Each structure stands twice: as structure tokens, then as C-alpha cells.
Amino acid sequence: MTSTQRLPTIFFGHGSPMIALETNDTTKTWARIAAQIEKDHGKPKAILCVSAHWLTRGTAVTAMAQPRTIHDFGAFPQALFDVQYPAPGSPELAKRVQELLAPTPVILDDGVWGLDHGTWSVLCKAYPLADVPVVQLSIDATQPPAYHFELAKKLATLRDEGVLVIGTGNIVHNLPAMDWTHKDRPPFDWAARFNDHIRRAILDDAPERAVAYEALGEDAAKSVPSPDHYWPLLYVLGARLPGDVASFAPDHIEHGSLSMTSVVLAA
């Protein structure tokens, strides 16, 4: 399998769902990433997404033919609730994921979930035609970081089967600390240190440092007060293969404590 056939794996720092209504440097970069993938590898046959917004007990995968667009947020403008992302699902990919993750039990969800905003707020910019089938894999919230990283290793083979494996969340995600009035303010020192530490771990291909992020003490506690937005990164790092080189774009922190850093791992 040559590098031109093997798809990258990508972590998107997705930020606020309002980004679905915006056109800015971040959304343009997401579109360029997708365009480059199509140029180098062809359009993906399907996308498997691990979103920060689908936490479960146990593991599930969306297996419906037409996943609904989930508006899983509160006080936002009606225009955001009006957004639909009508990408098809892929029951076949769902079954393949179930097979790959065995003996871990995986529930085939044929109607409960769908595509949440962690998925569609990114994909509506990267793949605005919604013409690539999308499947979501849930995150078992009862398990520790190492579990997620090890589970994701079993997904790496999908990259050689035309499937784009992505995670969406944020390396640094502390909403209470955010300076909501100053999007472009300098990041808090602890946020910058933590983001830089994880970035360096990825560059060094030292995923054990990203898995053991809590060892960074107060910087980690402030940057990842809840692990839901961090866990998707571990799935992307788990799907990394020998020879993959990391590139970072976008690569900045907004509002002081919301990392928009995205990571492309490609041979």
C-alpha cells in the first residue's frame, strides 16, 4: 500500500458550533485540508468521526443509512438550529468498525444518535456537499486515556480502505476561563504551555506523553478540566502509522483557553 493510497488521519480543533455559520481562516484551512486530500488520494469513500459530544457507557457506532443532524447545544441563534448536514451514513462501515474493535462489544446504533455538532460543524466546511458517507464512533466515558489510545490502534487499517479517520475536540478546552470579549487575546500561560507540550509530543511521535497528559499537573488540570474534548485526539494518535508526519494548521488558541490546533498525520 503506497502513501498515495493511504489516507491521513486528522484531529480538528472544532471550537464553538457558531463556526458553522462563519467563514474565517480556520474554516478556509479545513476546506484546504479536504481539497488536498482529494488531490493526493481521491475523495474518501467514507469518514469515521470520533466527536467530543458523543459520550456513552460502552462503545457504539452509528449504523443508520441516513443519520439525522443533531443540534446538541443551547442558547444559540436560530440560524444555527436551521443548519442541516444531510450526509449519508454507512451501515457497512459501522459493521466493519464493529469487526475491527472486537472483542470490545460495539453497539450498532440504527436510530438513537446521528451526527452531532462536533462532527457537522467541521464537515460542513471541509465537505460542504455532504456527499461523503459519515459514521460516528462514540467514546466510552467510563474508560481511562490509555484505553482510548489502544482501542484506536485497531482503526488504523481503515486508512488503507479509503476511510478518513478523524477526531474533533480541543486540546485546550476551558470554557469558564475563556475571555469571551477578546477572541484574539494572548493565551493564558498554562494553556500555551499545555498546548505546546502536546504539540511537541505529537511531533516527536511520543504518544505516551499525550496519553499521560495528567502528569503535567496544574497546566493539565486547567487545560483539560473535563476530558471529553481531549479524548478524540487520542483516537487520532492511536490511528497513526509508521512514517506519518505531523502538520499543524490551524494552530492557535482563541479567547485565552480554547485551542483551535488541528493536526494532520500523513505519510
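Everything quoted here is computed from the prediction, not taken from an experiment. (Residues numbered from 1 in each chain as written. Predicted model: local features only at pLDDT ≥ 70, side-chain atom pairs only at ≥ 80, totals over all residues. Heavy atoms only, no water.)

> Explain the overall build of the protein chain to me, and be specific about the residues and the numbers.
A count of helices and strands for the protein chain gives nine helices and ten strands. A compact globule built from 267 residues would reach a C-alpha radius of gyration of about 18 Å, and the protein chain, at 17 Å, matches this within 12%. A total of 267 residues make up the protein chain; the buried ones form 57% of that total. Across the protein chain, the fraction of contacts at a sequence separation of at least 24, relative to all contacts at a separation of at least 6, is 81%. Roughly 11,000 Å² of accessible area belongs to the protein chain as shown, and the carbon and sulfur atoms make up 55% of that amount. The average position of the 22 basic charges and that of the 30 acidic charges among the side chains of the protein chain differ by 4 Å. (Helix = DSSP H or I, 4+ residues; strand = E, 2+ residues; numbered from the N terminus. Rg over C-alpha atoms; globule rule 2.2 N^0.38 Å. Buried < 20%, exposed > 50% of the residue type's maximum accessible area, 1.4 Å probe, protein only. Contact = heavy atoms within 4.5 Å. Areas by Shrake-Rupley, 256 points an atom, 1.4 Å probe, with all protein chains shown as cover. Lys, Arg positive; Asp, Glu negative; His and termini not counted. Charge placed at Lys NZ, Arg CZ, Asp CG, Glu CD.)

> Mind laying out the pairing of strand β5 (residues 134–140), listing which residues take part and the relevant values?
Burial runs high along β5: seven of the seven residues are buried. Side chains Val134, Gln136, Ser138 and Asp140 of β5 all project onto a buried face; the interleaved residues Val135, Leu137 and Ile139 project onto the opposite face, where all are buried too. Bridge count between strand β2 (residues 46–56) and β5: six bridges; the pairing is parallel. Considered in β5, the bridge of Thr56 is made with Asp140. (Pairing = 2+ DSSP bridges.)

> I'd like to hear about the pairing of strand β3 (residues 59–62), residue by residue, with values.
Of the two faces of β3, the one carrying Thr59 and Val61 and the one carrying Ala60 and Thr62 are both buried. As paired strands, β3 and strand β4 (residues 106–109) are joined by four bridges and run parallel to one another. Note on β4: the bridge partner recorded for Thr62 is Asp109.

> Outline the side chain of Asp219, supporting the account with residue identities and numerical values.
With respect to the helices and strands, the residue Asp219 is situated in helix α8 (residues 218–223). The buried category is assigned to Asp219, whose relative accessible area is 15%. In this structure the side chain of Asp219 is engaged in a polar contact, spanning 2.8 Å, whose partner is the side chain of Arg193. Once residues within four sequence positions are removed from consideration, Asp219 is found in contact with Trp190, Arg193 and Phe194. (Polar contact = N/O pair within 3.5 Å; in protein donor to acceptor, adjacent residues only side chain to side chain.)

> So what about the environment of Leu164? Which residues, and what values?
Relative to the elements of secondary structure, Leu164 occurs in strand β6 (residues 163–169). A residue is classified by how much of its surface remains accessible, and Leu164, at 2% relative accessible area, is buried. Remark: the alpha-carbon pair of Leu164 and Pro8, spanning 156 residues in sequence, is separated by 6.8 Å. Setting aside chain neighbours within four positions, we find Leu164 in contact with Leu7, Pro8, Ile10, Ile37, Pro44, Ala46, Ile47, Leu48 and Tyr127.

> Can you lay out unusual backbone geometry for me, pointing to particular residues and giving the numbers?
For the bond running from Ala102 to Pro103, omega is 10 degrees, close enough to zero to count as cis. Structurally, Pro103 is set in the loop between α3 (91–101) and β4. With an omega of -5 degrees, the peptide bond between Ala249 and Pro250 qualifies as cis. Topologically, Pro250 is positioned in the loop between β7 (245–248) and β8 (253–254).

> Please set out the packing of aromatic side chains residue by residue, giving values where relevant.
Under the defined criterion, the tally for this structure stands at nine aromatic pairs. On the numbers, 5.4 Å between centres and 75 degrees between planes, the contact of Phe73 with Phe76 is edge-to-face. Judged by its relative accessible area of 15%, Phe73 falls in the buried class. When its relative accessible area of 30% is taken as the criterion, Phe76 is described as partly exposed. On the basis of an interplanar angle of 45 degrees and a centroid distance of 4.4 Å, the ring pair of Tyr213 and Tyr230 is categorised as tilted. Highlighted residues: Tyr213 in the loop between α7 (207–211) and α8 and Tyr230 in the loop between α8 and α9 (231–238), separated in sequence by 17 residues. Assigned by exposure class, Tyr213 and Tyr230 land together as buried. Three or more aromatic residues joined by ring pairs form one cluster here, namely Phe73, Phe76, Phe81 and Trp120. (Phe/Tyr/Trp six-rings, centres within 6.5 Å; stacked < 30°, edge-to-face > 60°.)

> Now, about the environment of Arg68: what can you tell me, with residues and values included?
Locating Arg68 in the fold gives a position in the loop between β3 and α2 (78–81). Taking the relative accessible area as the measure of exposure, Arg68 reaches 44% and is therefore partly exposed. For the pair Arg68 and Trp113, spaced 45 residues apart in sequence, the C-alpha to C-alpha distance is 7.6 Å. Those residues in contact with Arg68, other than ones at most four positions away along the chain, are Val112, Trp113, Gly114 and Leu115.

> Explain the pattern of salt bridges to me, using residue names and the numbers behind them.
Tallying each qualifying case throughout the model produces 14 salt bridges. Glu99 serves as the salt-bridge partner of Arg96, at 2.2 Å between the closest nitrogen and oxygen. Linking Arg96 with Glu99, this pair stays in helix α3, spanning three residues, or about one helical turn. In this structure, Asp204 engages Arg209 in a salt bridge whose closest nitrogen and oxygen atoms are separated by 2.9 Å. (Salt bridge = Lys/Arg side-chain N within 4 Å of Asp/Glu carboxyl O.)

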